[in-house]
Structures are given as C-alpha cells and as structure tokens.
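The residues making up each chain are set out below.
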Amino acid sequence: MIQTYLKEQNIDAAFITTPDNVFYLSGFKSDPHERLLGVMVFKDADPFMICPKMEVPDALAAGWNFKAVGHDDKENAWEILKNTAAQYATVQTLAIEKSHVTVERLELLEAIFSGVTISGLDAKIAGMRLVKSADELEKMREAAKLADYAIQVGCDELAEGKTEIEVLSAIETAILKKGYYMSFDTMVLTGLNAASPHGTPGNTKIQKGDLVLFDLGVIYEGYCSDITRTVAFGEPRNDEQRAIYEAVRASNEAAINAVKPGVRAMDLDKTSRDVIENAGYGEYYTHRMGHGLGISVHEEPSMHGANEKEVVEGMVFTIEPGIYKGDAAGVRIEDDVYVTADGVDILTSFPKELQIIEPK
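Residues numbered from 1 in each chain as written. Predicted model: local features only at pLDDT ≥ 70, side-chain atom pairs only at ≥ 80, totals over all residues. Heavy atoms only, no water.

So the rule is basically this: UniProt positions are given in the numbering used here, feature names are shortened, and annotations may be inferred rather than shown by experiment.
Named according to an unreviewed UniProt entry, the chain is M24 family metallopeptidase originating from Kurthia populi. As recorded by UniProt, the Cofactor (unreviewed entry) comment attached to the chain reads in full: "Mn(2+)".

1. Some points on the nonpolar core
Applicable threshold: Throughout, nonpolar core names a set of buried Ala, Val, Leu, Ile, Met, Phe, Trp, Tyr and Cys residues whose side chains join them through atoms within 4.5 Å. When accessible area is computed with a 1.4 Å probe and restricted to protein chains, residues below 20% of their type maximum are described as buried, those above 50% as exposed, and intermediate ones as partly exposed. We count a stretch as a helix when DSSP gives it H or I for four or more residues in a row; a strand needs E for two or more, and each element gets its number in order from the N terminus. Whether two residues are in contact is decided by their heavy atoms: any pair within 4.5 Å suffices.
Residues Leu268, Met289, Phe317 and Ile319 are the most contacted members of the largest nonpolar core, which totals 30 residues. Mapped by element, the contributors of at least two residues to this core are α9 (239-258), α10 (265-278), β15 (316-319), β17 (329-332) and β18 (335-339). Sequence-distant contacts of leucine 268, that is, excluding residues within four places in its chain, are made with Ala255, Ala258, Val259, Val263, Met289, Met303, Val311 and Phe317. By size, the runner-up hydrophobic cluster in this structure holds 26 residues, among which are Ala143, Leu168, Val188 and Tyr220.

2. Some words on helix α2 (residues 19-26)
Within α2 the residues assigned to the buried category are Asp20, Asn21, Val22, Phe23 and Ser26. The elements touched by buried residues of α2 are β1 (13-16), β2 (38-42), β3 (48-52), α6 (122-130) and β11 (223-224). Directly after α2, the chain includes glycine 27, whose backbone phi takes a positive value near 85°.

3. Description of the UniProt feature "domain: Creatinase N-terminal" (unreviewed entry) in the chain
With numbering matched to this structure, UniProt assigns "domain: Creatinase N-terminal" (unreviewed entry) to residues 2-131. Helix and strand shares over residues 2-131 are 39% and 21% respectively, and the end C-alpha atoms of the span are 16 Å apart.

4. Overview of the packing of aromatic side chains
Rules: Aromatic pairing here means that ring centres of Phe, Tyr or Trp (its six-membered ring) are within 6.5 Å. Orientation follows from the plane angle: under 30 degrees is stacked, over 60 is edge-to-face, and everything else is tilted. Placement of a charge over a ring requires the Lys NZ or Arg CZ to be within 6 Å of the ring centre, with the centre-to-atom vector within 35 degrees of the ring normal.
Under the criterion given, the structure shown has seven aromatic pairs. Each ring, one from tryptophan 64 and one from phenylalanine 66, has its centre 5.3 Å from the other, and the planes form 65°; the classification is edge-to-face. Residue classification places phenylalanine 66 among the partly exposed residues on the basis of a relative accessible area of 38%. Put simply, the rings of Phe42, Phe48 and Tyr88 touch in pairs and so form one group of aromatic residues. Over the face of the ring belonging to tyrosine 149 we find lysine 178, whose NZ or CZ atom lies 4.6 Å from the ring centre.

If you want it as structure tokens, here you go:
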C-alpha cells in the first residue's frame, strides 16, 4: 500500500522509523533505543530494512522477506543507509513520519540525500492501521481476555493494609507467568488517589471502604488491550461514591450503545459526556472519551469532542469515561470496542456492575 501511495504521489521513497510501524510492515518488533531502525520503501523497487546488526537474524526470522542491512555500534548507520539506498534509486523526494523523526535525524536525512524534498507519511500509515483485519482482531480479542484476567488477579489480591504497589506487582507477575507483557505501566490507585486520572501507584495502603481503580493492558502477539475497572473494597463509605460510579457506568454504556458505522467521534464523546453532565459531575470529566487501539496503546482515532471523523467498520477504540472528584472519589470504566457492520462488539468483558470485594 505504501508503494502504491508513492507511485500515486510521485515520491521516490519513504523511510519508516517508528518501531510500531516497522512491526506493522515487517512483523519485526524491536526497541532499538538510540540505534537506527527503519524500513525504506521505494516507488519502483523492493524495500529494505536497516537495523542493528545483532538483530538482523531476528528480523528475518520474524518474516521479513527482503534485504536486511545491519550496522554495529562502531559504524556510521547513516552512511550505510545512504549507500544501500543508492543501490535502489536516486532519492530526490522522501516521505517520513514527521511526528517521530527528530530534528537531528531530519538534518541527517537531508545531508545524506542532498537536495531532497521531505513530506509527511504519518496520516497515510495511520489510515492503513485504522481498520483491523480479521487476524488483527483475533489477536486483540486474546489481548482483551488477558486484560480481563489481570483485573481479576488484582481483585483477588486486595486486602486491608496491602499497598497499591504490592497489588500491581502481583498483577504483572501473573501476566509474566503466562508469558506476556503489559502494554503500558499498570495503575492501581486506591481511595482518593484514583481522582488523579494519570496517578502514580505508591505505598498507599488499601482500606475498607476504598474504591480501587485498575488501569492496565496486555500485549498479545504485538497487539494491545487497555481496560479500566473501579471496584469497592468493602461497602463504599457513602452514597456519593455509588452515585459517581453509576454515572460513569451509565456514560460508558450509553456511548457503547451509540457506536455504529457513520457516527462521528465527537458525537460519541458527547453522548458519553452528556450522561455525566446530567448527573452533575461534568466538570470532573476531564479527558477525551477514548482513543484508538492496536499495535500502539494509543493510536487513531482520537475520540474527542472536536473530531468530526466518522467511525467505520473495523475500527477498534476505547470508551473510558471518568469522574475525578478530589474530595469524594475517582472512577473510570474503560472497554475496548470493535465497530461491526451495524453496531459494536465489546472485546473486554470484566463485569461493570460495582464489584464489592469483601475484606479477607
């Protein structure tokens, strides 16, 4: 598809360097740190990959069927890129991921391809990844099942006096024992700590009457899940905690019920937000309704109140309303959903009725 795009736009080559996009194109997953990793796609020639020399066998084993050029730490990777590309084509126009390429790397590209005209490729690749194939969807279903399991582990670990970090550690250990990794830093927040949407777990101890928020995800064969559940450790302390929880649950379910092809992202955000505003907590819903999900835990589409794009069959995104009232409670409920031909398929399945975990 990228080669077709280059022909249509009359661009000589594209250089893709985001590790997630390299994986999407090649099946090879790598975190190269400061080293150079990329796939060079040409308008009229086969592509090649450049990566650390020690990873060339891994790239080929992952299914990359074209040339893989390695570089070691004492070599100039950019000279290798220049000399290899010259064997394929004269590069006078080049498409890159502008959101990923640093100023330093842009200057290096301009130096090795003298006089080159640079354009952006970000929207094209994001569009390619937007609609999931049947194979991608099945991987995301498995990732969601693992996320559901991880939430259950967290609930089972809750005990009076146990810290957020202790519960978090048990969750991540259970996933590692199954042979998988988390898709982002796991969050376990208890009591009023949960009123920070991106709070950091620490040594706060779980107490009877707390609401406990879990936000986590698992990677399955390169694809991410992302789930949030808020549970009660013992009976909630007051009616406002319950009211906040039920407002968030109603918001989550209203937005899910509104998903179908042709609905705008901004309308889904509004559906979710209206429920919380009508419950009197609108000022405490401080983030977008959700985000796209796939190889990256955050990708297109961004489900916010100014996005006029319509959802289409095959998209996967989160629906994750929240209320964060610092003197009362923090609650978020998040599901991963897949847009079907006439509605929605919910990939995450952990119960959303308020779960009351009885103290042991």
